[in-house]
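Commentary on secondary and tertiary structure
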Amino acid sequence: MRDKIQFGRRTAARDGEVVVLLIGMRVNHLWALHRWLPVFLAMPAMLRELVKDRSAGLLHHVLLTGSPRTYYVVQYWESKEKLLDYARATGRKHHPWWVRVNHYARDSKGHVGIWHETYVVPAGHHESIYGDMPPFGLGRAYGTVPLGAGVGARDRLKV
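Thresholds applied
Residues numbered from 1 in each chain as written. Predicted model: local features only at pLDDT ≥ 70, side-chain atom pairs only at ≥ 80, totals over all residues. Heavy atoms only, no water. Helix = DSSP H or I, 4+ residues; strand = E, 2+ residues; numbered from the N terminus. Buried < 20%, exposed > 50% of the residue type's maximum accessible area, 1.4 Å probe, protein only. Areas by Shrake-Rupley, 256 points an atom, 1.4 Å probe, with all protein chains shown as cover. Contact = heavy atoms within 4.5 Å. Polar contact = N/O pair within 3.5 Å; in protein donor to acceptor, adjacent residues only side chain to side chain.

Turning to the overall build of the protein chain, a few remarks are in order. When helices and strands are counted, the protein chain shows five helices and seven strands. Secondary structure elements of the protein chain, listed N to C terminal, follow the sequence β-β-α-β-β-α-α-β-β-α-β-α. For the protein chain, the spread of C-alpha atoms along the three principal axes comes to 55 × 35 × 35 Å. By residue count, 36% of the 159 residues in the protein chain fall in the buried class. Approximately 9,400 Å² of the protein chain is accessible, and the part contributed by carbon and sulfur atoms is 59%.

Structure representation (structure tokens):
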């Protein structure tokens, strides 16, 4: 079971490049439900598709809220190529939803904001530590390994 606590200090089992996509929305006017709800519903449809077809490259995702108005997803991808391929694929949900979301965002007159940030982190430039918890984030995406005695952030970051 993935939610089982892994006792002790652990780190993500990933030595290579890491691809992280943060994508979200902000409800600027709560009363304009008809403007922001379609944007809000777009992401779950794409996530269902990606979870169903693991060959697309999504390794793991975490749904989060920054406030009652801000919602976002942290996504961990197998590679930047797979992320870009999914974004461009006309036969996948992303393309038609992206067209629709852009339409709603443009026509919303400021009722909803959308954003994304993509990070391609080279090997040796990311580190993680998990203490007495289930796999999370990078550790859930790539699995975890025990952290060696005396191994610190400098060692994991290779600086």
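What follows covers the environment of glutamate 78. Along the polypeptide, glutamate 78 turns up in the loop between β4 (70-77) and α2 (80-88). On a C-alpha basis, the gap between glutamate 78 and proline 134 in space is 21 Å, while along the polypeptide they are 56 residues apart. Beyond its immediate chain neighbours, meaning those up to four positions away, glutamate 78 contacts Arg14, Gly57 and Leu59. Within the structure, the side chain of glutamate 78 is placed 3.3 Å from the side chain of lysine 82, a separation counted as a polar contact.

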